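Remarks on the overall topology
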Amino acid sequence: MAHARARTMARAVAAVALLASCAGAMRAPGRALAHGRGATRMQAWAEPEFSAVSIASVKPSTGSGLVEVAIHAPDAFRAAYTTAGQFVQLRPSADVKAGFFAIASAPGAPGALEFLIKETESTQWLAAAAAGTGALMCAPMGKGYATGAITDVGSAPCTHVALCAAGSGIAPLRALIEAGMFGARSAQLLYGCRSLDAMAYRDRFDDWAARGVQVVPVLSRDASYAGATGYVQALLPERLARPAETVIVLCGGKEMQEGVKQAAAALGVPSERVLTNF
């Protein structure tokens, strides 16, 4: 029974991490979580230490309903951000529950830490903030992406990187692309959105292409679009010429992530080469 409870709690924590790190922003986990038919109550992890920070800038994204936010962070926080895929907790004041936000700028990039924020009721305070507005933020959290799967040379070295994103899940993948670790490996980004108007970072696509990343928009609600339509997980099999030499990096909703993992398994991509940031 104790082992069953432990497994249930572990699955609940994993579900929270998935939503927190990939959706761009969410409310912090509450004190109780439900999993399965019988609701299993559990305490959230210990709250981290928050420090005062200030908003550097807020600007509209190229994707509708999204804004790009830059935050001046302490040097210690910048030093703690070592791997694409890490995230922070952020809130306007101590009496408000924090949200989780994936860092979109690359580790070691100069200037403020950058984020892609989906505009919702709980993030409106941030999306509408003026430069200089104060906030509270914790140090970068999470393990980020296990990029050794890309860079390590083993018996079957990685020769191709497939990046799979949906919606605001593009944020940590932007960090990975701009970290510049693909080298001579071929790389493609399958980016799923409803329409081109909903697609963030379109103004960066040329730069990503110059870095060797082929950007493939995948639109789910634009039948008139001449390019790829449908969903990332359905398109993936026809885009992988060398599954055994491919590393897949993903971030998006649960359905997309599970679909990509299933497609990868069917293609023979080893599970340790399917990377998530939690």
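A few points on the structure. (Residues numbered from 1 in each chain as written. Predicted model: local features only at pLDDT ≥ 70, side-chain atom pairs only at ≥ 80, totals over all residues. Heavy atoms only, no water.)

Turning next to the overall build of the chain. When its secondary structure is counted, the chain shows 8 helices and 12 strands. Among the 278 residues that make up the chain, the fraction classed as buried is 46%. For the chain, restricting intrachain contacts to residue pairs at least 6 apart in sequence, the fraction spanning at least 24 positions comes to 72%. Within the structure as shown, the chain displays about 12900 Å² of accessible surface, and the carbon and sulfur contribution to it stands at 53%. (Helix = DSSP H or I, 4+ residues; strand = E, 2+ residues; numbered from the N terminus. Buried < 20%, exposed > 50% of the residue type's maximum accessible area, 1.4 Å probe, protein only. Contact = heavy atoms within 4.5 Å. Areas by Shrake-Rupley, 256 points an atom, 1.4 Å probe, with all protein chains shown as cover.)

Take the side chain of Gln86 next. Relative to the assigned elements, Gln86 resides in the loop between α2 (75-80) and β3 (87-91). Since its relative accessible area comes to 5%, Gln86 is described here as buried. A polar atom in the side chain of Gln86 sits 3.3 Å from the backbone oxygen of Gly142. (Polar contact = N/O pair within 3.5 Å; in protein donor to acceptor, adjacent residues only side chain to side chain.)

A word on the sheet that holds strand β5 (residues 113-118). Read from one edge of the open sheet, 6 strands run β4-β3-β6-β1-β2-β5, paired in antiparallel fashion. The open sheet has two edge strands with one neighbour each: β4 (99-102) and β5. Between one strand and the next, the sheet's axes are offset by a mean angle of 40°, whatever the strand orientation. (Pairing = 2+ DSSP bridges. Axes fitted to C-alpha atoms, helices over the stretch in contact; angles between N-to-C directions.)

This brings us to the packing of aromatic side chains. Taken as a whole and judged by the stated rule, the model has 3 aromatic pairs. Residues Phe205 and Trp208 carry aromatic rings whose centres are separated by 5.6 Å and whose planes lie at 40° to one another, so their mutual orientation is tilted. Here Phe205 and its partner Trp208 are both found in helix α6 (residues 205-210), 3 residues apart, which amounts to about one turn of the helix. Trp208 carries the same exposure label as Phe205, and that label is buried. Among the aromatic residues, those joined into a cluster by ring pairs are Tyr201, Phe205 and Trp208. Over the ring of Phe50 we find Arg91, and its NZ or CZ is 4.0 Å from the ring centre. (Phe/Tyr/Trp six-rings, centres within 6.5 Å; stacked < 30°, edge-to-face > 60°. Lys NZ or Arg CZ within 6 Å of the ring centre and 35° of its normal.)

The next point concerns helix α5 (residues 170-178). Counted residue by residue, α5 has 9 buried out of 9 residues, so it is predominantly covered. Turning to α5, its buried residues number three or more, namely Ile170, Ala171, Pro172, Leu173, Arg174, Ala175, Leu176, Ile177 and Glu178. Following α5 by one or two positions, Gly180 adopts a phi angle in the positive range, close to 70°.

As a further point, take helix α8 (residues 254-267). The first and last C-alpha atoms of α8 sit 20 Å apart over 14 residues, in line with the 20 Å expected at 1.5 Å per residue. When we look at burial in α8, the residues that qualify are Met256, Gln257, Gly259, Val260, Ala263 and Ala264. Along the long axis of α8, the arc covered by the buried residues comes to 165°, so they all point the same way. Of the exposed residues in α8, the ones pointing more than 90 degrees away from its buried face are Lys254, Glu255, Gln262, Ala265 and Ala266. Immediately downstream of α8, the backbone of Gly268 shows phi near 90°, a positive value. (Expected span 1.5 Å × (residues − 1). Arc of directions from axis to C-beta.)

Shape descriptors only; they carry no functional weight alone.
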